[in-house]
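Each chain, written out:
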Amino acid sequence: MALIRLDLGDGGGSSVVAAAGGPIPALRHLLDHLQDPPLALVTGAAGGSGAPGTARCAAVGVSPLSGAVAETRAEGPFAAGLRAAGVTGVVLHGRAARPVWVVVSAGRAWTEPADDLWGLETGPATDRLLDRYGSGAAVAVIGPAGERQIPYASIVTCRHHPLPRLGLGADLGARRVKAVVAVGSAPIPVASPAALDAVRASYMDAENTLTAWQHDLPGFGVWDGEPGYAPVAGFRDTTRRGGVAVAPVAASGVASCPGCPTDCIKLYAGAGLHQEALAMLGPNAGTDPWPLLSRCEQLGLDPVEVGARLAGPPVTSKGVAIPPFDPRVQPNLGLAYAVSPIGPRYDMIEHDLDFDPELGLPASFPEMRALGVTVPSPRGTLDVFRTAQLMRLWSGLDALGVCVFAATPTRPLTLALVADLVAAVTGTRPDVLALGGTRLRLMFEVNRRLRVPASADTLPAVFFDEPVRAGRYRGAVLDRPSFATAVASLRATLS
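Calculation rules
Residues numbered from 1 in each chain as written. Predicted model: local features only at pLDDT ≥ 70, side-chain atom pairs only at ≥ 80, totals over all residues. Heavy atoms only, no water. Helix = DSSP H or I, 4+ residues; strand = E, 2+ residues; numbered from the N terminus. Expected span 1.5 Å × (residues − 1). Buried < 20%, exposed > 50% of the residue type's maximum accessible area, 1.4 Å probe, protein only. Arc of directions from axis to C-beta. Contact = heavy atoms within 4.5 Å. Pairing = 2+ DSSP bridges. Axes fitted to C-alpha atoms, helices over the stretch in contact; angles between N-to-C directions.

A.B. asks: Just checking my understanding: could you explain helix α6 (residues 193-205) for this structure?
C.D. replies: Each α-helix winds once per 3.6 residues, and so residues spaced three or four apart point in a common direction. End to end, α6 covers 18 Å across 13 residues, agreeing with the expected 18 Å (1.5 Å per residue, within 8%). For α6, the set of buried residues is L196, V199 and Y203. Angular distribution of buried residues about the axis of α6 spans 55°; they occupy a single face of the element. With respect to the buried face of α6, the exposed residues turned more than 90 degrees away are A194, M204 and D205. Buried residues along α6 sit in contact with α7 (209-215) and α14 (415-426).

Given below as structure tokens:
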């Protein structure tokens with residue numbers, strides 16, 4: 001299975017870009033075509049293989065929101081859909097003359113006219129395409145926000161699994177592409193089914209507090225935190241709790257990931273609930289988040305960016321809204337926000353509090369020590385080495401198409417099991433951290449060629465100038481000189 005290219009402008013056939021899959025070949029291809037950047041939808045070496053933690057795809061391109069390199073990820077069935085269509089991904093070049101959808105099947109891609117879908121919300125558009133191609137098709141679609149090229153428009157895969165951040169839905173809209181539909185039933189090659197079964201069994205047998213929290217109702221999107229942990233009023237009010245602790249209605253179902261028993265994504269108000277949405281749309285924005293959750297999914301909008309704008313002038317780094325986890329309380333997470341080439345993401349690294357002596361997760365400490373990291377470590381302590389190792393680690397998982405919400409250092413897929421899983425699928429045991437380092441360096445190089453300045457590697461003034469005012473984290477604030485030194489050191493370490 002290969003990564004294939006489709007030129008939208010000439011309506012011609014597709015061609016092979018790379019034999020391997022995942023973000024790394026897509027980034028290399030992007031580097032070769034920055035004069036007219038393409039957009040790729042990909043899955044990794046393990047993506048879609050049916051094991052726990054492998055239901056992950058990514059979109060890779062240049063962000064209409066930040067002007068920097070972009071990669072945004074989604075869980076759900078779309079990764080398996082790409083593999084069943086005989087590819088590891090498709091790279092879209094150019095712009096169609098009229099609205100189209102892209103069909104990927106039997107290892108090739110082509111376009112079909114989409115005039116009758118243009119203007120539809122994501123749910124009805126998905127319904128139409130499934131009516132045509134069958135319930136087994138995997139559909140990635142934009143809504144009216146993407147069509148209008150709103151710079152924080154998302155791509156919604158398989159109805160409830162958005163590729164949410166960085167505005168790549170606007171990129172598809174600019175190309176006049178309403179949807180990408182993966183159709184097929186090609187078997188996914190697995191080098192050792194017995195070894196893959198052993199990884200599945202190990203995951204199923206694991207007892208893990210985070211995995212249980214993700215699985216159980218109300219789900220990992222319903223949570224709150226003490227003042228300073230999650231944003232209220234755009235990070236300006238640190239006297240009240242942030243997040244949303246209670247769901248007003250029962251979940252109506254689950255948006256499952258193939259092969260994974262954790263069932264993280266619960267359905268509320270007709271939409272899939274992911275971890276960031278309520279915290280950004282609720283106390284942060286001062287609104288009732290539940291109706292907005294559904295509207296964001298149907299219109300194809302990133303709820304993080306919507307919530308940031310409803311809260312007032314958005315609090316951003318590299319033009320991208322800060323996620324709902326305050327870096328004053330977790331400064332190494334803030335360090336990753338600042339240095340990340342794609343801008344701030346809450347899943348760049350495992351969070352600081354998980355390694356705190358009082359609040360941490362001791363079950364994760366052996367994995368951290370295997371990375372050479374000293375744990376436990378009190379919150380508030382900047383640790384460049386730890387942040388670099390965690391960025392490489394989760395970057396490597398992203399490169400392979402392994403879900404961080406199932407994996408090391410805090411969840412059942414340990415680093416050794418991740419390597420076992422990939423070897424079971426591909427026959428080759430990966431160096432996860434080395435792959436993660438390669439992916440990050442490619443991203444930094446894309447930004448260098450795009451002339452993204454080093455001065456963009458910082459955070460807004462509120463996190464340096466306004467300490468947390470109440471609760472357990474009272475007084476937490478970033479020290480500007482220490483943070484700037486750590487940013488320079490981390491950037492040098494990773495690039």
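A.B. asks: Would you take a moment to explain the sheet that holds strand β4 (residues 56-62) for this structure?
C.D. replies: Pairing between the strands of a sheet comes from backbone hydrogen bonds, and it takes one of two forms, parallel or antiparallel. What the six strands build is an open sheet, ordered β2-β1-β6-β3-β4-β5; its pairing is mixed. The strands lining the two open edges of the sheet, one partner per strand, are β2 (14-18) and β5 (69-75). The sheet shows a mean angle of 25° between the axes of neighbouring strands, taken without regard to direction. Both strand β1 (residues 2-7) and strand β6 (residues 87-93) contribute to a ladder of six bridges, which runs parallel. For R5, the partnering residue across the bridge sits in β6 and is V91. Each of β1, β2, β3 (39-43), β4, β5 and β6 is contacted by helix α1 (residues 23-31), which is oriented at about 10° to β4, the strand it contacts most.

A.B. asks: When you look at the pairing of β5 in this model, what are you seeing that I'm missing?
C.D. replies: Residues in a regular strand point their side chains to alternate faces of the sheet. Most of β5 sits inside the fold, with seven of its seven residues counted as buried. The alternating pattern of β5 places V69, E71, R73 and E75 on one face and A70, T72 and A74 on the opposite face, and all of these are buried. Note: β4 against β5, seven bridges, orientation antiparallel. Of the residues in β5, the one forming a bridge with R56 is E75. If you look at the hairpin formed by β4 and β5, you'll find six residues sitting between the two strands, and G67 has a positive phi there, around 75°.

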